[in-house]
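Residues per chain are reported as follows:
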Amino acid sequence: MKVLVTDPIAEPGLTRLREAGHTVETAYDAEGDALLEAIADASALVVRSGTEVTAELLDAAPDLAIVGRAGIGVDNIDIDAATERGVIVANAPEGNVRAAAEHTVAMTFAAARSIPQAHARLKAGEWAKGDYLGTELDGATLGIVGFGRVGQEVAKKLDSLGMELVAYDPYISEERAANLGAELVELDDCLVRADVLTMHTPLTPETEDLIGEEELNRLGDGYLVNCARGGVVDERALAAAVDDGTLAGAAIDVFTDEPLDEDSPLLRVDDVIVTPHLGASTHAAQKNVATDIADQVLSAIRGEPVMNALNAPSMDASAFPRVEPYLDIASTAGKIATQLLDGRVEGVEVTYAGDIAGEEVDLVTASALQGVFEPLEWQVNAVNAPRIAEERGIDVTESKTHTAADFQSLVTVTVQNGGTEIGVCGTLFAGEDPRIVRIDGFRVDAIPSGHMLVARNEDTPGLIGFIGTVLGDADVNIAGMFNARETIGGEALSVYNLDEPVTDELRDRLEADERVIDTTYIALNGTE
Ligand SMILES: NC(=O)C1=CN([C@@H]2O[C@H](COP(=O)(O)OP(=O)(O)OC[C@H]3O[C@@H](n4cnc5c(N)ncnc54)[C@H](O)[C@@H]3O)[C@@H](O)[C@H]2O)C=CC1
Ligand SMILES: O=C(O)C(=O)COP(=O)(O)O
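Residues numbered from 1 in each chain as written. Chains lettered and ligands numbered in written order. Predicted model: local features only at pLDDT ≥ 70, side-chain atom pairs only at ≥ 80, totals over all residues.

The name recorded for the protein chain in an unreviewed UniProt entry is D-3-phosphoglycerate dehydrogenase, from Halococcus morrhuae DSM 1307. According to the UniProt record, the Catalytic activity (unreviewed entry) comment for the protein chain is "(2R)-3-phosphoglycerate + NAD(+) = 3-phosphooxypyruvate + NADH + H(+)". Recorded in UniProt under Sequence similarities (unreviewed entry), the annotation for the protein chain is "Belongs to the D-isomer specific 2-hydroxyacid dehydrogenase family." (UniProt positions renumbered as here; feature names shortened; annotations may be inferred.)

Pasting the structure below:
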């Protein structure tokens, strides 16, 4: 498989991908058509913040399974477009947290003591000792906007230097903040009380321009440090506020447009200090995120759950082997049920009984949906199947019960349309042998792979012989069959595992016999 890497990542990550047998192509400067060409045959794309992953780029990559972000922020990736196309988006949210927090602390000191300004003047030969009177952090108040991983790490570090902590984050609990010595407050309170305000939110529609002119006025004579994302602070308003002395200074690592344009107002104000998006740029952080993302790319290529997938169910790697065999069973059950349902699927229920009910089953439910949609959609997988259900207004429910009658574990996929519903149950015999054991209430024993024919017919002598003869005359070999009936002489359901596909013409011949109610041909896994 080809892994395309379009932003520089650390060598150990590249090595890990190569050692797994994949071709790694680096295209750090590729843009426009060259980029579209490079991604055309890629199975995975690895980026940092330098590549805009757009719908157009994804459209150029029909084989793409995953976009891996070697770092935290994913605002440069169109996750919706990836989800629609069934492409996993994953990030590496742990490996550079310390680096980002340390950079924030470094920028805080740099701003509070005017280190870059004094440094530049001394290098230019000027001993400007009298011009700088800094702010002591010990005893000052730190306002933290966004109390997630980086925000909390900054809190720990600056708390230990004697700062008072207030935090604004509408999505965390007061208790969580208090445990780290921070008081959770509203944004306005945070601005008014802070001597130093540090930003740690992602860039989202909600956080865009979160800090504008009004908020900077409320912050007043303090410092603003942004090592999170450009765009969460209005850059023009910030430059103006530092320039006119409303703010004491600012330290900025991230910008709305990167690389930063040389005409940016931020570059013209002496007390705005800047670094070129260096928050994650330490040896340790780069090694961490490169190897973390390489591992996730390898999982995606192997079809295993991806630990930090942002748009697909993920699960603990140690639990996956217990759940994996049910993925196929669920998608097969979904596929059979949908094809047997006469009409549009309006609802899907996935029921887990027995041991499997004790596992994380999001991935299995997504796989069942994949089976339901497979006959209908171009490229459906566990990433976009839940989205497709939502878009089509299909009600998806999941239920669990710990007892499973005659089986250790049973997965049932039921599809509904108005008052009609068809349920298909699958299990694993002896822990490893997948079987479909019930179709529409009939007990059966069918292998869920290859070519399958399901016939509903009258329970009458000679009927099975008739179906066998029609299939035999057409050179379709029967590998296995199972007949089930409700009552003697009533309706029966027979399932045939076949070595060859069944054509529409062959089905017409079968259905021409009045004893045959209907037939459904289903191409399952392992068929073209
Ligand atoms: N400069 C650099 O090189 C680096 C920058 N970053 C950036 O730092 C930021 C934080 O990263 P993490 O802490 O890992 O993310 P995180 O997801 O752990 O934390 C973000 C926090 O922001 C909060 N939040 C969301 N919307 C909010 C709102 N409207 N107001 C206030 N809080 C809100 C969330 O509840 C969450 O607690 C991200 O933007 C990330 O991209 C991260 C690493 C390096
Ligand atoms: O991880 C993040 O969110 C970062 O901002 C780091 O960005 P980078 O990988 O250095 O382009």
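Every residue close to ligand 2 is listed here: Arg48, Ser49, Gly50, Gly71, Ile72, Gly73, Asn96, His277, Gly279, Ala280 and Ser281. Grouping the amino acids of the shell around ligand 2 by side-chain chemistry returns 2 nonpolar, 8 polar and 1 charged. (Near = placed C-beta within 6 Å. Nonpolar A, V, L, I, M, F, W, Y, C, P; charged D, E, K, R; others polar.)

Its 12 residues give helix H14 (residues 362-373) an end-to-end C-alpha distance of 17 Å, which sits within 8% of 16 Å, the value for a rise of 1.5 Å per residue. Of all the 12 residues making up H14, 11 are buried; the element is thus mostly covered by neighbouring parts of the structure. Every buried residue of H14 is listed here: Leu363, Val364, Thr365, Ala366, Ser367, Ala368, Leu369, Gln370, Gly371, Val372 and Phe373. Buried residues in H14 make contact with helix H13 (320-340), strand S13 (347-354), helix H15 (385-391), strand S14 (395-401) and strand S15 (409-417). (Helix = DSSP H or I, 4+ residues; strand = E, 2+ residues; numbered from the N terminus. Expected span 1.5 Å × (residues − 1). Buried ≥ 20, exposed ≤ 12 C-beta atoms within 10 Å, placed from the backbone. Contact = placed C-beta atoms within 7 Å.)

Not every one of the 31 residues close to ligand 1 is listed here, only the nearest: Gly73, Gly146, Gly148, Tyr171 and Gly279. In terms of residue class, the shell around ligand 1 is made up of 16 nonpolar, 10 polar and 5 charged.

As far as domains go, the protein chain holds domain 1 (2-93 + 284-302), domain 2 (115-270) and domain 3 (320-523). Here the C-alpha centre of domain 3 lies 58 Å away from the C-alpha centre of domain 2. (Domains from an automatic or database assignment.)

Bringing helix H11 (residues 235-243) into the picture now. Quick reminder: α-helices carry 3.6 residues per turn. Residues three or four places apart thus point the same way. Taken together, the buried positions of H11 are Glu235, Leu238, Ala239, Ala241 and Val242. On an axial view of H11, the arc spanned by its buried residues comes to 165°, and they lie on one face. Buried residues in H11 make contact with helix H10 (213-219), strand S10 (223-226), strand S11 (249-252) and strand S12 (272-274). (Arc of directions from axis to C-beta.)

Moving on, we come to the UniProt feature "domain: D-isomer specific 2-hydroxyacid dehydrogenase NAD-binding" (unreviewed entry) in the protein chain. The positions UniProt marks with the feature "domain: D-isomer specific 2-hydroxyacid dehydrogenase NAD-binding" (unreviewed entry) are residues 105-279. Spanning residues 105-279, this segment combines 33% helix with 16% strand, and its end C-alpha atoms are found 10 Å apart.

The next subject is the packing of helix H5 (residues 97-112) against helix H7 (residues 149-159). Contact geometry for H5 and H7: axes closest at 9 Å, N-to-C directions at 50°. Considered as vectors, H5 and H7 are oriented oblique to each other. Note on packing geometry: the crossing formed by H5 with H7 is right-handed. Counting all contacts with H5, which are made through Val97, Arg98, Ala100, Ala101, Thr104 and Val105, the residues of H7 involved are Arg149, Val150, Glu153, Val154, Lys157 and Leu158. Residue composition of the contact of H5 with H7, grouped by class: 7 nonpolar, 1 polar and 4 charged. (Axes fitted to C-alpha atoms, helices over the stretch in contact; angles between N-to-C directions. Parallel < 35°, antiparallel > 145°, perpendicular 65-115°, else oblique. Left-handed = near helix turned anticlockwise from the far one by under 90°.)

A cis amide bond links Glu258 with the next residue in sequence, Pro259, at an omega value of -5°. Residue position: Pro259 is located in the loop between S11 and S12.

Our focus in this paragraph is the pairing of strand S5 (residues 88-91). Neither face of S5 is open: one carries Ile88 and Ala90, the other Val89 and Asn91, and all of them are buried. Sheet analysis places strand S4 (residues 66-69) next to S5, joined by 4 bridges and oriented parallel. Pairing of Arg69 across the sheet is with Asn91, part of S5. Following the chain from S4 across helix H4 (residues 79-84) to the adjacent parallel S5, one finds a crossover that is right-handed. (Pairing = 2+ DSSP bridges. Right-handed = clockwise from strand over helix to strand, strands pointing away.)

Another aspect to go through is the sheet that holds strand S3 (residues 44-47). Spatially, 5 strands are ordered S2-S1-S3-S4-S5 in an open sheet, and the strand pairing comes out parallel. Strands with a single pairing partner mark the edges of an open sheet, and in this sheet they are strand S2 (23-26) and S5. Between one strand axis and the next, the sheet turns by 20° as a mean value, whatever way the strands run. Note: strand S1 (residues 2-5) against S3, 3 bridges, orientation parallel. Its bridge partner lying in S3, Val3 is registered against Ala44.

A few words on the environment of Arg193. Within the secondary structure, Arg193 sits in helix H9 (residues 187-193). Separated by 240 residues in the primary sequence, Arg193 and Asp433 place their C-alpha atoms 64 Å from one another. Contacts of Arg193, omitting those with residues within four sequence positions, involve Thr141, Gly143 and Val166.

Our focus in this paragraph is the sheet that holds strand S17 (residues 433-439). Taken together, the 6 strands give an open sheet; going across it, the order is S14-S13-S15-S16-S17-S18, and neighbouring strands pair in mixed fashion. The sheet terminates laterally at S14 and strand S18 (442-446), the two strands that pair on one side only. Pairwise comparison of adjacent strand axes, ignoring direction, gives a mean angle of 20° for this sheet. Judged from the 3 bridges that link them, S17 and S18 form a sheet pairing that is antiparallel.

Glancing now at the environment of His200. Counting through the fold element by element, His200 comes out in the loop between strand S9 (196-199) and H10. Overall, the presence of 27 C-beta atoms within 10 Å leaves His200 in the buried class. Linking His200 and Ala100, residues 100 residues apart in sequence, is a C-alpha distance of 9.6 Å. Setting aside chain neighbours within four positions, we find His200 in contact with Ile144, Val145, Gly146, Gly148, Val150, Gly151, Val154 and Ala228.

Bringing the packing of H13 against H14 into the picture now. With their axes 7 Å apart at the nearest point, H13 and H14 run at an angle of 30° to one another. In this view, H13 runs roughly parallel relative to H14, as classed from their interaxial angle. Read as a crossing pair, H13 and H14 show a hand that is right-handed. Mapping the contact onto sequence places Val323, Tyr326, Leu327, Ala330, Ser331, Thr332, Ala333, Gly334, Lys335 and Thr338 in H13 and Leu363, Val364, Ser367, Ala368, Leu369, Gln370, Gly371 and Val372 in H14. A class-by-class count of the residues in the contact of H13 with H14 yields 10 nonpolar, 7 polar and 1 charged.

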